Amino acid sequence: MATALHHLSDYDVQSVPDASNMCFGVVVSEWNTEITSALLDGTVKTLERHGCLPENIHVKTVPGSFELVYGAQQMTKNDGFDAVIILGSVIRGETPHFDYICEGVTQGIAHLNATQNIPVVFGLLTTDNLQQAQDRCGGKLGNKGDECAVVAIKMAKF
Ligand code: DLZ
């Protein structure tokens, strides 16, 4: 059964390190803001649940998902951060634009992970429709933002 808890347990929530001494940058896309603000909510709550202090969660917004790469790249330059999380939602339309944005963000974030000194966690929903996005930002398939927080804490300890 695909409950939120089951989905998150894929990342073995029991073994998440204590995040009370950790500091995170979060870049959030304003496009499809209903979705991305729910993702952000999940990320912040989960970071705090594992001990991260609110003042150690630094959130900045960018206009759309394509700008997440630049935003993340700027954040990786901050020596005080243990990891960066990007949050966005791209919903397929009638043109190939969807594919170009998804490809650009995926390649850009992969490049940052291969070249920068802190991990960048990939919280980009790439869905065919709004319902699929809603299912993944606090709906029946959990919240990708929660998962990203768990992954960021684990990768910060890598
Ligand atoms: C232009 C565009 C389109 C069509 N769709 C989305 C989307 O579903 N999700 C998203 O985050 N951003 C979208 N954008 C905006 C682009 O990401 C970007 O902001 C613009 O192309 C300007 O660089």
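A brief report on the enclosed structure follows. What you see is a predicted model, and the numbers here were worked out from it, not measured in a lab. (Residues numbered from 1 in each chain as written. Predicted model: local features only at pLDDT ≥ 70, side-chain atom pairs only at ≥ 80, totals over all residues. Heavy atoms only, no water.)

1. Thoughts on the sheet that holds strand E1 (residues 24-29)
- The strand order across the open sheet formed by four strands is E2-E1-E3-E4, and the pairing between neighbours is parallel. Sheet topology places strand E2 (57-62) and strand E4 (120-127) at the edges, where each strand pairs with a single neighbour. Direction aside, the axes of adjacent strands within the sheet are offset by 15° on average.
- The sheet contact formed by E1 and E2 spans six bridges and is parallel. Residue Val27 lies in a different strand from E2, and its bridge partner there is Lys60.
- Packing of helix H2 (residues 33-49) onto the sheet brings it into contact with E1, E2, strand E3 (83-91) and E4, and relative to E3 it is tilted by some 155°. (Pairing = 2+ DSSP bridges. Helix = DSSP H or I, 4+ residues; strand = E, 2+ residues; numbered from the N terminus. Axes fitted to C-alpha atoms, helices over the stretch in contact; angles between N-to-C directions. Contact = heavy atoms within 4.5 Å.)

2. Re the pairing of E1
- With respect to burial, E1 is a largely interior element, six of its six residues being buried.
- Neither face of E1 is exposed, since Phe24, Val26 and Val28 on one face and Gly25, Val27 and Ser29 on the opposite face are all buried.
- For the crossover that starts at E1, traverses H2 and ends in the parallel E2, the hand is right-handed.
- Where E1 lies against E3, five bridges are found, and the strand directions are parallel. Opposite Phe24, over in E3, you have Ala83 as the bridge partner. (Buried < 20%, exposed > 50% of the residue type's maximum accessible area, 1.4 Å probe, protein only. Right-handed = clockwise from strand over helix to strand, strands pointing away.)

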